[in-house]
Amino acid sequence: MQIEPRVFSGMQPTGSLHLGNYLGAMINWIKMQETHACIYCVVDLHAITVWQDPAELRSAIRQVTAAYIAAGLDPKKSILFNQSQVAAHAELAWIFNCVARLGWLNRMTQFKEKAGKDREQASVGLYAYPNLMAADILVYRATHVPVGDDQKQHLELARDIAQKFNNDFRDQIIAHGYRDGVFFPQPEPVITGPATRVMSLRDGTKKMSKSDPSDLSRISLTDSDDIIADKIKRAKTDAEPLPNTVEEMAKRPEIDNLVGIYAALADTSKDAAFNLLLATSTDGPSLFTGFKRNLTDAAIAKLGPIRSEIIRLMDDPVEIDKVLANGAERARALAAPVMDQVKDIVGLIRS
Ligand code: AQP
């Protein structure tokens, strides 16, 4: 049986989305909805793997949905919904908990980073997070997953899970009419663009993140023009002379990050952004001031209209809830026959 190309991706409602989420993933989501059947999820079950205040979570689910639409996702073209409304994600995740191996999860670097030193106190959900992510994708038998660079390892795990499920249940899968023994596809990561890993504005070695305690480390999609300007002005650089080449710049994480962000925002190449850095530099301590001014203009031009639209949409939560309910209904309809077959293949008795 032919596997149709289908796109799935999601973001956690753990706070306001930021420039990293936008440039690393969402820009590709918007492009792909023109050419593919796309499912974009607000992954609220992932969010609760670390503590969330319930009222803030409810609001963040709506705000992330508003950000999706404001950035250019069209609920008529793509399916938009929040994960917890489609029980099949959690059901398949349980089956994958029984397929994935402990050794595989032990290698996940994101768990190590997020759990930190106090591993014993991390939730079981945080540990099993990659299995739920595999279920999110495979419950729609999705073939393409546009994500930022940090999700590469989780995607590899999803591919391993798909492969092991196909191997473990090969005979049953063939009996279900999948003559090549492939029930779950190998989902392809789509990690492209000039800013697949946007770094913190305060530390060029750390990725920009919603959960960084310093608000100055990220530009949120809801930041005002003044706040954007202030954060870029205060963005860390270094005291070295200007790099001579793009290759030399790669060893200067803070500068490299700002130039990469500019290239992505202004829709230009990194070489062109680097040339702008050289052309706008001045002597003395304000070496980067001219470039930062250009970066601020580019950020405000791109993010200002998105912010205004988020604010407008957030004024009507009933409308946002309708989009989510409609998307969830469409998603349930796609997931149900896959889950029915999975249960049959595994040998579970259905009512
Ligand atoms: N800094 C980044 N650069 C490029 N892409 C990024 N993404 C996240 N941060 C960057 C991509 O955004 C998508 C959604 O991410 P998520 O919300 O599921 O969680 P995350 O990757 O863990 O992002 P955060 O912002 O760091 O959230 P918290 O702090 O809550 O953990 C993914 O495709 C991701 O690659």
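1. What about the layout of surface pockets?
Approximately 1100 Å³ is the volume attributed to the largest pocket. For the largest pocket, the lining is made up of 45 residues, of which Gln110, Lys114, Asp150, Gln151 and Lys207 are closest to its centre. Secondary structure elements with two or more residues in the lining of the largest pocket: β1 (7-11), α1 (19-32), α6 (109-115), α7 (124-138), β4 (144-146) and α8 (152-168).

2. Some points on the pattern of salt bridges
Per the counting criterion, the structure on display carries 19 salt bridges. The salt bridge involving Asp215 is made with Arg218; its shortest N-O contact spans 3.6 Å. Judged by relative accessible area, Asp215 falls into the partly exposed class, the value being 40%. Among the salt bridges present, the one from Asp223 reaches Lys231, with a minimum N-O distance of 2.7 Å. One continuous salt-bridge network, built from bridges that share partners, spans Asp215, Arg218, Asp223 and Lys231.

3. Points about the site of the ligand
In the region of the ligand, 22 residues are neighbours, and His18, Lys114, Asp150, Lys210 and Ser211 sit closest. One nitrogen or oxygen atom from the main chain of Gly20 is found 3.2 Å from a nitrogen atom belonging to the ligand. Expressed as a share of its isolated accessible area of 640 Å², the protein-covered part of the ligand is 97%. Here the ligand occupies the largest pocket. It is α1 that provides the largest number of residues to the shell around the ligand, a total of 4 residues. Residues of the shell around the ligand, tallied by class, amount to 5 nonpolar, 12 polar and 5 charged.

4. Some thoughts on the state of the cysteines
Applying the stated criterion across every chain yields a total of 0 disulfides. With no disulfide partner, Cys41 has as its closest neighbouring cysteine sulfur the one in Cys38, 13 Å distant.

5. A short note on the environment of Ala60
Examined against the element boundaries, Ala60 turns out to sit in helix α3 (residues 54-71). Considering only alpha carbons, one finds Ala60 and Trp104, 44 residues apart in sequence, at a separation of 31 Å.

6. A few points about the domain arrangement of the protein chain
If you check the domain split of the protein chain, you get domain 1 (7-196 + 317-346) and domain 2 (215-311). Taking the mean C-alpha position of each, domain 1 and domain 2 sit 31 Å from one another. The partner domain 2 presents 15 residues to the 14 residues of domain 1 that form the contact. Applying the counting criterion to the domain 1 and domain 2 interface returns 0 salt bridges. Applying the counting criterion to the domain 1 and domain 2 interface returns 3 residue pairs in polar contact (both at pLDDT 80 or more). A class-by-class count of the residues in the side of domain 1 that touches domain 2 yields 11 nonpolar, 3 polar and no charged.

7. Regarding unusual backbone geometry
A positive phi angle, close to 45 degrees, is found at Arg141, a residue other than glycine. Take Arg141: it is sitting in the loop between α7 and β4. The exposure class assigned to Arg141 is buried, which follows from its relative accessible area of 14%. We note that Asp267 has phi near 55 degrees; this positive angle belongs to a residue other than glycine. Tracing the sequence through the fold places Asp267 in the loop between α12 (253-265) and α13 (270-280). When its relative accessible area of 68% is taken as the criterion, Asp267 is described as exposed.

8. Structural notes on the packing of aromatic side chains
How two aromatic rings sit relative to each other is given by the distance of their centres and the angle of their planes. All chains considered together, the criterion is met by 13 aromatic pairs. Centroid distance Trp29 to Tyr68: 5.1 Å. Interplanar angle 75 degrees. Geometry classified as edge-to-face. Remark: Tyr68 occurs in helix α3 and Trp29 occurs in helix α1; sequence separation between them is 39 residues. Of the two residues, Trp29 and Tyr68, both sit in the buried class.

The rules behind each value
Residues numbered from 1 in each chain as written. Predicted model: local features only at pLDDT ≥ 70, side-chain atom pairs only at ≥ 80, totals over all residues. Heavy atoms only, no water. 1 Å grid on protein atoms, 1.4 Å probe; cavity = no way out; pocket = protein on both sides within 12 Å on 5 of 7 lines; lining within 4 Å. Points joined across faces, edges and corners; volume = space filled by probe spheres on them. Helix = DSSP H or I, 4+ residues; strand = E, 2+ residues; numbered from the N terminus. Salt bridge = Lys/Arg side-chain N within 4 Å of Asp/Glu carboxyl O. Buried < 20%, exposed > 50% of the residue type's maximum accessible area, 1.4 Å probe, protein only. Near = heavy atom within 4 Å. Polar contact = N/O pair within 3.5 Å; in protein donor to acceptor, adjacent residues only side chain to side chain. Areas by Shrake-Rupley, 256 points an atom, 1.4 Å probe, with all protein chains shown as cover. Sits in = over half its atoms within 2 Å of the grid points. Nonpolar A, V, L, I, M, F, W, Y, C, P; charged D, E, K, R; others polar. Disulfide = S-S within 2.5 Å. Domains from an automatic or database assignment. Contact = heavy atoms within 4.5 Å. Phe/Tyr/Trp six-rings, centres within 6.5 Å; stacked < 30°, edge-to-face > 60°.

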